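In case you want the letters, here they are:
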Amino acid sequence: MIKFIIATAVVLIAAVIIISVLFYFGFIDFYHPMKKAEENQIRVACVGDSITFGCMVQNWQKNNYPTVLNHLLGEDYCVNNFGYTNRTAIKSADYPYTNEKLYRQSLDFKPDIVVLMLGSNDSKENNWDKEKFIKDYCEIIYSYLTLDSSPEVYILVPPPLFEVRGRVMWQLRKDVLVDEICPAVKSIADKMGVHCIDMYSVFENRKELFSDGVHPNAKGSKVFAQKVYEAINKE
């Protein structure tokens, strides 16, 4: 009986650890705490990959950038985090964002403002296709622009990728990001007539604001939120 109790406890502890790790890295889409907007609140949908989710941000619930952004914007706004780890803009890539329930939820949220950032995961060797990236990203933007809520859309140039021990983590490619993805995102913003926030320039040469060279840490997340806040507040 004692052995059974010990074995059960070990299994439960292991399950809790596994679930915690999966959540920490943004791999659990069904546990994404969402706030219901109150009447007259401005709805803000933060859409993107693990950087939006807040992967590897210490004290995630307080420090992921959409949460910090909500504090900066104040009580007149309802900001929800629709970020999902490892997702891409390219629909034929390994993990397209548009295949996910969170994407549909972000549309159903009927946002007044959309803050959208994809591209880092598209840089992987098995994913990258410039023509598909531009086409599919434009389609994602269009899906928000045509909502009944007619949201203002801000697309973000992804932040830099920094090497850790001589390489970039998670199979992402720095040269593709710099030479192709960043210029493509700026071009897409012009083409679609949406706002563009250049996070690459914001974080250039600021490796200390990243936990693993890819994901902003808590301090980086606050800088991220501040720049989005300034852009929204300006408008």
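Residues numbered from 1 in each chain as written. Predicted model: local features only at pLDDT ≥ 70, side-chain atom pairs only at ≥ 80, totals over all residues. Heavy atoms only, no water.

(A) Local environment of empty space enclosed by the protein. In this structure the tally under the stated criterion is one cavity of 30 Å³ or more. Approximately 40 Å³ is the volume attributed to the largest cavity. With three residues, the top contributor of residues to the lining of the largest cavity is helix α9 (residues 218–234). (1 Å grid on protein atoms, 1.4 Å probe; cavity = no way out; pocket = protein on both sides within 12 Å on 5 of 7 lines; lining within 4 Å. Points joined across faces, edges and corners; volume = space filled by probe spheres on them. Helix = DSSP H or I, 4+ residues; strand = E, 2+ residues; numbered from the N terminus.)

(B) Focus on the sheet that holds strand β5 (residues 195–198). The strand order β2-β1-β3-β4-β5 describes an open sheet built from five strands, whose pairing is parallel. Only two strands of the sheet have a single neighbouring strand rather than two, namely β2 (77–83) and β5. Direction aside, the axes of adjacent strands within the sheet are offset by 20° on average. (Pairing = 2+ DSSP bridges. Axes fitted to C-alpha atoms, helices over the stretch in contact; angles between N-to-C directions.)

(C) Structural context of the environment of Ser-143. Summarising the element assignment, Ser-143 is placed in helix α6 (residues 130–145). What Ser-143 contacts, discounting residues up to four positions off in sequence, is Tyr-103 and Leu-107. Of note is the side chain of Ser-143, whose polar atom sits 2.5 Å from the backbone oxygen of Ile-140. (Contact = heavy atoms within 4.5 Å. Polar contact = N/O pair within 3.5 Å; in protein donor to acceptor, adjacent residues only side chain to side chain.)

(D) Representation of helix α5 (residues 101–108) in the model. Restricting attention to buried positions, one finds in α5 the residues Leu-102, Tyr-103, Ser-106 and Leu-107. With its buried residues spanning 145° around the axis, α5 presents them on a single face. Residues of α5 that are buried in the fold lie against β1 (42–48), β2 and α6. Remark: Lys-110 follows α5 within two positions and exhibits a positive phi of approximately 55°. (Buried < 20%, exposed > 50% of the residue type's maximum accessible area, 1.4 Å probe, protein only. Arc of directions from axis to C-beta.)

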